[in-house]
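# Examination of the molecular architecture
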Amino acid sequence: MRLRIRIDSRVRILAIVALITINCMPYVGRVRRENLVRIAVECGVDAAVVTGVLGKGFCREYRVTPEGAFPLILGPKDGRVAVNGRNYRGGLEVRKIDGRLWVINVLDVESYLKGVVPCEIGGITEKELEAAKAQAVAARTYALAHSGQYSDLGFDLYATVQDQVYKGITCEREITSRAVESTAGEVLYYRGAPVEAKYHSTCGGRTADFNDAWAGAAPPYLSSVRCDYCRKSPHYRWTKVMTRDEFFTHLRHRLSRININLEEGELIHSFRMMRSRRSHRLKELILVTNKRELKIANYRIRTLFGEPDDPGGLLKSTCIYVKTKGDEVVIEGRGFGHGVGMCQFGSLEMATQGRHYRKILYHYYRGTRIKKVR
Ligand SMILES: [Zn+2]
């Protein structure tokens, strides 16, 4: 009896795997063959207005709600489709997941990058073109390394900071499109595999080691390097001032965001900061209460100190020095972002000083090499 149940469930699992494989095969094949990426441009919404060509019909606008039949696949007219008034290259696939709609833009990688690089690097001048090329290679590498990460949901990348900011044709600029075209197919490799091309706004003088921001195995090319180039960034140095009361009240309230709850009558009365040897970023924060010591790892510190007016509710960086002056607590900070990999303000300055994009990339990602993949 036990044996029969085991065989039955194995057959059922195999049948499900076979069904998933049959459903995905043509699509996965097409994605690989044509270098397509699938970008989630609307996630879990109740309705969307999409424009494109259904089957062999005319191009028209559809207001879609979860009551319809899915997936809905729309092709482009003159190479473009639209979602809620925003234009994108390639086609669209509208899926229903857990009763809500997900709109996925399917397009070739190079077109995708034209809608990413200007969003990630901002407005640039001709002098900064090499920085845009470095950004294009980093963004292409990121897309390749993360392709298929949400396959169970039917897409590869989010169109937000969760992956890379992508706004379609609306965001494209002539200069950044030129940077994408002149580096077409170029990807950053380390020992035969595409790298984890992390980048951030401003390092503040020295980039971070991978483990200054995240736990887990640290890739050797994401090691802290000196950066003398981001001094012109508005985030190079910054200060945040609070009263002592505000500081401790803020800490008490925010601890629950990182799943730490103070016990009844437990009060924080002091703290200690442990720093990373190379980047001087906070490695660990130790809060001392009247009952215990709470150890908070580096990657949770930005959430803990962040306020609603900070981007994403995160503190700008973990490279901070906290000083108390009478009733005031002064946080003196350096840089903006996780600090790992390429410093974007640094890259802009290196380009302005005449550095080639390969030099920029090799400075921030040590030991890597660029390869043309197609
Ligand atoms: Zn820098």
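Going by the structure above, here's the rest.
Right, let's walk through the structure included here. (Residues numbered from 1 in each chain as written. Predicted model: local features only at pLDDT ≥ 70, side-chain atom pairs only at ≥ 80, totals over all residues. Heavy atoms only, no water.)

Right, let's get into the sheet that holds strand 11 (residues 193-194). Across the sheet, which stays open at both edges, the three strands sit in the order 11-10-20 with antiparallel pairing between neighbours. In the strand order of this sheet, the two ends are held by strand 11 and strand 20 (369-372), each with one partner. Where strand 10 (residues 186-190) meets strand 11, two bridges bridge the pair, whose relative direction is antiparallel. Paired with Tyr190 across the two strands is Ala193, which belongs to strand 11. Contacts from helix 4 (residues 129-145) reach strand 10 and strand 11, with the element oriented near 70° to strand 10. Helix 10 (residues 357-364) rests against strand 10 and strand 20 of the sheet, and its axis sits at about 130° to strand 20. (Pairing = 2+ DSSP bridges. Helix = DSSP H or I, 4+ residues; strand = E, 2+ residues; numbered from the N terminus. Contact = heavy atoms within 4.5 Å. Axes fitted to C-alpha atoms, helices over the stretch in contact; angles between N-to-C directions.)

Let us now look at the sheet that holds strand 18 (residues 328-334). Spatially, three strands are ordered 13-18-17 in an open sheet, and the strand pairing comes out antiparallel. The sheet terminates laterally at strand 13 (237-243) and strand 17 (320-325), the two strands that pair on one side only. Ignoring strand direction, the axes of neighbouring strands in this sheet form an average angle of 20°. Across seven bridges, the pairing between strand 13 and strand 18 is antiparallel. Its bridge partner lying in strand 18, Lys240 is registered against Ile331. With respect to the sheet, helix 7 (residues 244-254) is in contact with strand 13, strand 17 and strand 18, its orientation differing from that of strand 13 by roughly 95°.

Surrounding the zinc ion are the protein donor atoms Cys203 (SG), Cys227 (SG), Cys230 (SG) and Cys343 (SG), which sit 2.3 to 2.4 Å from the metal. Taken together, the four donor atoms coordinating the zinc ion span angles of 103 to 116° at the metal, a pattern that classifies the geometry as tetrahedral. Sequence spacing of the donors to the zinc ion: C-x23-C-x2-C-x112-C. Taken as a pair, Cys230 in the loop between helix 6 (210-213) and strand 13 and Cys343 in strand 19 (residues 342-343) lie far apart in primary sequence, 113 residues in all. Taken individually, Cys230 and Cys343 each receive the classification buried, so the pair is uniform in this respect. (Donors = N, O, S within 2.8 Å, 3.2 Å for Na, K, Ca; no water. Tetrahedral: all angles 85-135°; square planar, octahedral: opposite > 155°, others 65-115°. Buried < 20%, exposed > 50% of the residue type's maximum accessible area, 1.4 Å probe, protein only.)

Looking at where Asn35 falls in the secondary structure, it is placed in the loop between helix 1 (2-33) and strand 1 (36-45). In this structure Asn35 comes out as partly exposed when scored by relative accessible area, which is 28%. For the pair Asn35 and Val109, spaced 74 residues apart in sequence, the C-alpha to C-alpha distance is 6.0 Å.

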